[in-house]
Amino acid sequence: MTAMHWGLNHPQSRAVGGDAMTPILTLLICLGLSLGPRTHVQAGTLPKPTLWAEPGSMISEGSPVTLRCQGSLQVQEYRLYREKKPASWVRRIQQELVKKGYFAIASITWEHAGRYRCQYYSHSWWSEPSDPLELVVTGAYSKPTLSALLSPVVASGWNVTLQCGSRVAFDNYILCKEGEDEHPQCLNSHFHPRGWSWAVFSVVPVSPSHRWSYRCYGYDSRSPYVWSLPSDLLELLVPGVSKKPSLSVQPGPVVAPGESLTLQCGSDAGYDRFSLYKEGACDFLQRPGWQPQAGLSQANFLLGPVSRSHGGQYRYYSAHNLSSQWSAPSDPLDILIAGQIPDRPFLSVQPGPTVASGENVTLLCQSTGEFHAFLLTQAGAADAPSASKINVQISKYQAEFPMSPVTSAHAGTYRCYGSRSSNPHLLTHPSEPLELVVSGPEDQPLTPTGSDPQSGLGRHLGVVTGVLVAFVLLLFLLLLLFLVLRHRRQGKRWTSAQRKADFQHPAGAVEPEPRDRGLQRRSSPAADTQEENLYAAVKDTQPEDGVELDSRAATSEAPQDVTYAQLQSLTLRREATEPPPPQKREPSAEPSVYATLAIH
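Engineer: Sorry, what's going on with the pattern of salt bridges here?
Structural biologist: In total, this model carries 10 salt bridges according to the counting rule given. Ionic pairing is found between Arg-68 and Glu-54, a salt bridge with its closest N-O pair at 3.7 Å. Residue Arg-68 is located in strand E3 (residues 65-70), and its partner Glu-54 is located in strand E1 (residues 50-54); the two are separated by 14 residues in the primary sequence. Take Glu-54: its relative accessible area is 36%, and that puts it in the partly exposed class. Close ionic contact of Arg-117 with Glu-83 constitutes a salt bridge, the shortest N to O distance being 2.5 Å. Pair noted here: Arg-117 is in strand E6 (residues 114-122) and Glu-83 is in the loop between strand E4 (77-82) and helix H2 (95-99), with a separation of 34 residues, a long-range link.

Here it is, written out as structure tokens:
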């Protein structure tokens, strides 16, 4: 297809024969001698075409790709060829597409990889070759690993060292910057005796005004255009000076293996994305932010089930989607994994577990094992654990945690842990919980005499004594109330019996005087009292100075409405003024007269 255009022979020259052949041949030779230099110059005057690949020159295996060649407007034909090795697939392209400069590959394989050029044919001349196009096919090998040797978080103006390595013995490695068309770096590999290979790349000083994202590939030098799968994307984070986000953890920074925790990052600067970085890690996690309300944004990172590898120091960074600049880092947060050291310290408190607000308290964490630091935690507290240096005593390690003065916020349940400097984020098992009770001034118990107010025993004795005193006073009050109620009940019963005796006879009834008053008094004291009262209220029926008193007159002159109190007073005055009774005599034949009074 292509060789037919390279010769200068024309098909019409075959029609000339015989004798005319000699002068024509002589003429052609002369013309060839004179036109040879001109032909070379004219071929060089056609500008070289442009060759490119859609969607790109680095294509993963199995994907479609189209090579495009474009020359001047009056192109009759295009030609595509591969350097060093013929491209047999080009001959299978339809001629209609070839004339338009389209060379399509439906599913690329490693056989399509190589270095290509193209030319175009116009006005009986071929153009100069285009610039080379390197068609790379990726995915022939497993992906390597790309990491930053020190940290992916780099201060502005610093150089960065990246390492690309694989268990495959690649001869060369390629480092490509994501999103830019700059030429990738290519380095020869270093080999490990066990068959590993790696290459170390140096990145120019970074700045927060650009994004620094990289991938790397490995390949065999015998097939330089057949690469491995790309490594995971490595983004270098260059902190800026914008407002730092806040970092918190739920339920707390101390967690046991197998449990889960949530790291929460928030900001009021309206950031769109957040990154969580663990100190010493080779990469960091990224999450898009969401806005719980206007002006606020946050992101949550779930860690769990946690293991000892999750222990460490964490920071947050945040940025806007349309900007390459990251914020200043958040304050650090330590995640501590408990139960990684087979020991359990002992926690005590001085002066005691129950203290008054304003007093000084010291929590003491002790252990017989060798530790470099002790940590104290309060259940439900959002603050980071308190740490204290170790004081070594005789075969004992201990640390003091003073609290002065204590308030109600210090009340709660405390535990302590031990750690070593080799890995300070791995802790012992927790101590037994210690409950600290902080009481206000009005809640302090009475301190018993003779007990030390600063000792726990004296305080407990004071509480017991106060309870006993209160119990005795309560019993005394109940006994006094019982006596008062009983006395009142007896008084009411006596008054009720007396009134019942007073109203034993109905009003207006006349009862004959008994013959033997003394015998009646002895037989019934209540009846004696009633008879004496009635007898004192009746006027003497014996006539004075020989005059007889009519019973009806006496009855009419007597008061008709006499109260019980007036009758009793009248009886007492009569007994006081009345002369001694006369000697007992025989009863006369004259009847005695009784008057009946209405008692109100």
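Further notes follow.
Engineer: What should I look at first to understand the sheet that holds strand E18 (residues 246-250) in this one?
Structural biologist: The strands making up a sheet are joined through hydrogen bonds of the backbone, oriented either antiparallel or parallel. On the basis of which strands lie adjacent, the open sheet formed by three strands has the order E18-E20-E23 and antiparallel pairing. The outermost strands of the open sheet, each flanked by one partner alone, are E18 and strand E23 (297-303). Each strand of the sheet is rotated relative to its neighbour by a mean of 20°, with strand direction disregarded.

Engineer: Looking at this model, I keep getting lost on the environment of Thr-109. Mind explaining?
Structural biologist: Residue position: Thr-109 is located in the loop between strand E5 (102-105) and E6. Thr-109 sits in the partly exposed class, given a relative accessible area of 27%. Through-space distance from the C-alpha of Thr-109 to that of Glu-61 is 5.5 Å; in sequence the pair is 48 residues apart. With residues up to four places along the chain from it excluded, the contact list for Thr-109 reads Glu-61 and Val-137.

Engineer: How should a nonpolar patch on the surface be read in this particular structure?
Structural biologist: The grouping of Phe-471, Val-472, Leu-474, Leu-475 and Leu-478 at the surface amounts to a nonpolar patch, some 500 Å² of accessible area in total. Overall, the relative accessible area of 45% leaves Leu-475 in the partly exposed class.

Engineer: What is the right way to read unusual backbone geometry from this model?
Structural biologist: When glycine is set aside, most residues are seen to have a negative phi, and most peptide bonds are trans. The step from Glu-54 to Pro-55 runs through a cis peptide bond, and the omega angle for that step is 10°. Locating Pro-55 in the fold gives a position in the loop between E1 and strand E2 (58-60). Of note, the bond from Ser-404 into Pro-405 is cis; its omega dihedral lies within 30 degrees of zero at -15°. Take Pro-405: it is sitting in the loop between strand E33 (396-403) and strand E34 (412-419). For His-123, which is not glycine, the phi dihedral falls at a positive 55°. Relative to the helices and strands, His-123 resides in the loop between E6 and strand E7 (125-126). In this structure, Ser-124 is a non-glycine residue whose phi angle is positive, near 70°. Looking at the element boundaries, Ser-124 is found in the loop between E6 and E7.

Engineer: Would you explain the sheet that holds strand E10 (residues 160-166) in this entry?
Structural biologist: An order of E9-E10-E14-E13 is seen for the four strands of this open sheet, with the pairing classed as antiparallel. Each edge of the sheet is formed by a strand with only one pairing partner; in this case those strands are strand E9 (145-148) and strand E13 (190-191).

Engineer: Sorry, what's going on with the state of the cysteines here?
Structural biologist: Simply put, disulfide is the name for a covalent bond between the sulfur atoms of two cysteines. One pass over the structure, following the stated rule, counts three disulfides. For Cys-69, the disulfide goes to Cys-118, at an S-S distance of 2.0 Å. Measuring the twist about the S-S bond at about 80°, one finds the Cys-69-Cys-118 disulfide to be right-handed. Of the two residues, Cys-69 is situated in strand E3 and Cys-118 in strand E6; the sequence distance between them amounts to 49 residues. Taking the relative accessible area as the measure of exposure, Cys-69 reaches 2% and is therefore buried. We classify Cys-118 as buried; its relative accessible area is 0%.

Engineer: Which parts of the structure should I look at to understand the side chain of Ser-419?
Structural biologist: With respect to the helices, strands and loops of the structure, Ser-419 is situated in strand E34. Excluding anything up to four places from it in sequence, Ser-419 contacts Ile-341, Phe-371, His-372, Ala-373, Leu-375, Pro-424, Leu-426 and Leu-427.

Engineer: Would you mind going over the packing of aromatic side chains with me for this structure?
Structural biologist: Both the distance between ring centres and the angle between the ring planes are used here to describe each pair of aromatic rings. For the structure on display, the rule yields nine aromatic pairs. Measuring from ring centre to ring centre gives 6.3 Å for Tyr-219 and Trp-227, while their planes differ by 25°; the resulting arrangement is stacked. Taking the relative accessible area as the measure of exposure, Tyr-219 reaches 9% and is therefore buried. By way of ring pairs, the aromatic residues Tyr-141, Phe-170 and Tyr-173 are connected into one cluster. In this structure, Lys-177 is placed above the aromatic ring of Trp-212, and the distance from its NZ or CZ to the ring centre is 4.0 Å.

Engineer: Is there a simple way to explain the nonpolar core in this structure?
Structural biologist: One broad trend across soluble globular proteins is that nonpolar side chains are buried collectively. Of all hydrophobic cores here, the largest spans 26 residues; its most connected members are Leu-51, Leu-67, Leu-80, Trp-89, Phe-103, Ile-108 and Tyr-116. Elements represented by at least two residues in this core include exactly E1, E3, E4, E5, E6 and strand E8 (133-138). Among residues more than four places away in sequence, those in contact with Leu-51 are Leu-67, Arg-68, Cys-69, Leu-80, Tyr-116, Arg-117, Cys-118, Ser-130, Asp-131 and Leu-133. Ranked by size, the runner-up nonpolar core spans 20 residues in total, among them Ile-341, Val-349, Val-361 and Phe-401.

Engineer: I would appreciate a short explanation of the pairing of E34 in the present structure.
Structural biologist: As a general feature of sheets, a regular strand has side chains that alternate between the two faces. With seven of its eight residues buried, E34 lies for the most part within the structure. Pairing of strand E30 (residues 373-378) with E34 involves six bridges; the strand directions are antiparallel. Residue pairing in the sheet places Leu-375 in a bridge with Tyr-417 of E34. Note that E34 and strand E36 (residues 434-439) share three bridges and pair antiparallel. What sits directly across from Thr-413, in E36, is Glu-435.

Rules used in this analysis
- Note on numbering: residues in each chain are counted from 1, in written sequence order.
- Where local features are concerned, this predicted model is filtered to residues with pLDDT of at least 70; where side-chain atom pairs are given and counted, the filter is 80 or more; whole-chain, interface and lining totals use all residues.
- With hydrogens and water stripped out, all remaining heavy atoms of the structure feed into the side-chain values.
- Any carboxyl oxygen of Asp or Glu that lies within 4 Å of a side-chain nitrogen of Lys or Arg is treated as forming a salt bridge with it.
- Counting from the N terminus, the helices are the DSSP runs of H or I reaching at least four residues and the strands are the DSSP runs of E reaching at least two.
- Residue burial is assigned from relative accessible area. The probe radius is 1.4 Å, only protein chains are included, and a residue is buried under 20% of its type maximum, exposed over 50%, and partly exposed in between.
- A pair of strands is considered paired only if DSSP assigns at least 2 bridges between the two.
- Axis angles are defined between N-to-C directions and span 0 to 180 degrees, where every axis is a line fitted to C-alpha atoms and, for a helix, only to the segment in contact.
- Working rule for contacts: check all heavy atoms of both residues, and any pair within 4.5 Å makes them a contact.
- The patch calculation keeps residues exceeding 30% relative accessible area without a salt bridge and links them within 9 Å when they carry like charges or within 5 Å when they are nonpolar (Val, Leu, Ile, Met, Phe, Trp, Tyr).
- Methods summary: accessible areas were calculated by the Shrake-Rupley approach with a probe of 1.4 Å, and residue burial reflects only the protein chains presented.
- Any pair of cysteine sulfurs within 2.5 Å is marked as a disulfide.
- Only Phe, Tyr and Trp rings are paired, with Trp represented by its six-membered ring, and only when their centres lie within 6.5 Å; those with planes under 30 degrees apart are stacked, over 60 edge-to-face, the remainder tilted.
- Whether a charge sits over a ring comes down to the Lys NZ or Arg CZ being within 6 Å of the ring centre and within 35 degrees of the ring normal.
- Each nonpolar core is a collection of buried residues, namely Ala, Val, Leu, Ile, Met, Phe, Trp, Tyr and Cys, held together in the definition by side-chain atoms within 4.5 Å.

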